[in-house]
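Structural description and commentary
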Amino acid sequence: MQQTKTHHQFTTEKPLMSDITLGQENSANIDMSIGIIGSGALGSNLARLLAKNGIAATIANRRGPESLADFVAEVGPSIKAGTVAEAASADIVIAAVRWVDAEKVFSILPAWNGRIVIDSTNPVEFLDPDSPDAKDPSNPLAAYGIRAVDLGGKSSSEVFKQYIPGARVVKAFNHLEVDLLQEPKVSGGQRVLFYSGDDADAKTQVRKIIDGTGFFPVDLGTLEAGGTIASLPFGSLAAHNFIKI
């Protein structure tokens, strides 16, 4: 993971887009309900992040709320366990599932009717470490235990949007290692979180969450452009750890 400190600008080997918008100091007032679908490494770390900042959310997985009883007791009262349907009924729904499960989970949910979905997925498949695929010399990501999913030239959000017709999609919370989500403030500054989307109001609401959890939001523009460069495994900004100081 590359960590880069900056003073009012962001340094990288590849220039950022000209329409990037920098965030302001944390003054978020989140007044929309939040659901998290997925309780693995990403979903659980996002729930902990929200809980640390007193932000309420419902977290769900396919095993049911009973399987999350110990987890919600650990993180505190602002996070409750629910069914997938309950989490999916929130004003803002965070997709924190593995790419291979995204279609199965989201395509069967009720109509979205303009609600916001934060696409936190990345188009990678996790490999069994004992399988031949994990040692495939033609896979540049084999050493990391993953391989890229062939999307036929489409961006991941373009594909993901097909599973959630009628939703307003914002790409966010997908480009950092999940453990770093517990440390929004570090080295005398704030970690940068990229986000992108096509709906201005939806991006404003997601930006409030980023602000409210202590990160420094950077708007990368449209979903097609910004989502692509901040998506793992090959996005030019993916896995870079920028610090605003």
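Residues numbered from 1 in each chain as written. Predicted model: local features only at pLDDT ≥ 70, side-chain atom pairs only at ≥ 80, totals over all residues. Heavy atoms only, no water.

Cis geometry is adopted by the peptide bond preceding Pro233, which originates at Leu232 and carries an omega value of 5°. Here Pro233 shows up in the loop between helix H7 (223-229) and strand S14 (240-244). Its identity as a non-glycine residue notwithstanding, Phe173 has a phi of 65°, on the positive side. Mapped onto the fold, Phe173 is located in the loop between strand S10 (168-172) and strand S11 (185-186). Under the relative-accessibility criterion, Phe173 is labelled buried at 3%. (Helix = DSSP H or I, 4+ residues; strand = E, 2+ residues; numbered from the N terminus. Buried < 20%, exposed > 50% of the residue type's maximum accessible area, 1.4 Å probe, protein only.)

So, on to the pairing of strand S4 (residues 57-60). The two faces of the sheet receive side chains in turn, since in a regular strand these alternate between them. Burial along S4 is two-sided: Ala57 and Ile59 and Thr58 and Ala60, pointing in opposite directions, are all buried. Note on the crossover from strand S3 (residues 34-37) through helix H1 (residues 41-52) to S4: the handedness is right-handed. As judged from the three bridges shared by S4 and strand S5 (residues 79-81), these two strands associate in the parallel manner. If you follow Ile59 over to S5, its bridge partner there is Ala81. Taken together, S4, helix H2 (residues 69-75) and S5 constitute a β-α-β crossover, and its handedness is right-handed. (Right-handed = clockwise from strand over helix to strand, strands pointing away. Pairing = 2+ DSSP bridges.)

Quick look at the environment of Leu237 now. Relative to the helices and strands, Leu237 resides in the loop between H7 and S14. C-alpha of Leu237 to C-alpha of Gly226: the two residues are eleven residues apart in sequence and 9.4 Å apart in space.

Between its first and last C-alpha, H1 extends 17 Å over twelve residues, near the 16 Å set by a 1.5 Å rise per residue. Most of H1 sits inside the fold, with nine of its twelve residues counted as buried. Contacts made by the buried residues of H1 are with S3, S4, H2, S5, strand S6 (92-95) and helix H6 (200-212). Note on H1: the residue one or two positions beyond its end, Gly54, has a positive phi of about 65°. (Expected span 1.5 Å × (residues − 1). Contact = heavy atoms within 4.5 Å.)

Considering all chains together, one arrives at seven salt bridges under this definition. The partner of Arg48 in a salt bridge is Glu74, with the nearest N and O atoms 3.1 Å apart. Of this pair, Arg48 sits in helix H1 while Glu74 sits in helix H2, and the two are 26 residues apart along the sequence. Accessibility expressed as a relative area gives 52% for Glu74, which makes it exposed. With a shortest N-O distance of 3.8 Å, Asp101 and Lys104 are connected by a salt bridge. Within this pair, Asp101 and its partner Lys104 are both found in helix H4 (residues 99-106), separated by three residues, close to a single helical turn. Its relative accessible area of 18% is what places Asp101 among the buried residues. Several salt bridges converge on common partners, so that one network encompasses Arg168, Asp199 and Asp201. (Salt bridge = Lys/Arg side-chain N within 4 Å of Asp/Glu carboxyl O.)

Formed by 34 residues in total, the largest nonpolar core has its most connected members in Ile36, Ile79 and Phe173. At six residues, H1 tops the list of elements feeding residues into this core. With residues up to four places along the chain from it excluded, the contact list for Phe173 reads Leu42, Leu46, Leu49, Ile118, Ser120, Leu181, Leu193, Phe194, Ile209 and Ile210. Counting residues in each nonpolar core, the second largest holds 23 residues, with Ala90, Trp112, Tyr163 and Leu223 among its members. (Core = buried A, V, L, I, M, F, W, Y, C linked by side-chain atoms within 4.5 Å.)

Relative to the helices and strands, Gly235 resides in the loop between H7 and S14. Look at Gly235 and you get buried, because its relative accessible area is 14%. For the pair Gly235 and His175, spaced 60 residues apart in sequence, the C-alpha separation works out to 8.9 Å. If we skip the residues at most four places from it in the chain, Gly235 touches Thr228 and Ile229.

For the coordinates displayed, the defined rule picks out four aromatic pairs. Each ring, one from Phe106 and one from Phe160, has its centre 5.4 Å from the other, and the planes form 70°; the classification is edge-to-face. Of the two residues, Phe106 sits in helix H4 while Phe160 sits in helix H5 (residues 156-161), which places them 54 residues apart along the sequence. Note on Phe160 and Tyr163: the rings are 6.1 Å apart at their centroids and 80° apart in plane angle, and the pair reads as edge-to-face. For Phe160, a relative accessible area of 0% translates into the label buried. (Phe/Tyr/Trp six-rings, centres within 6.5 Å; stacked < 30°, edge-to-face > 60°.)

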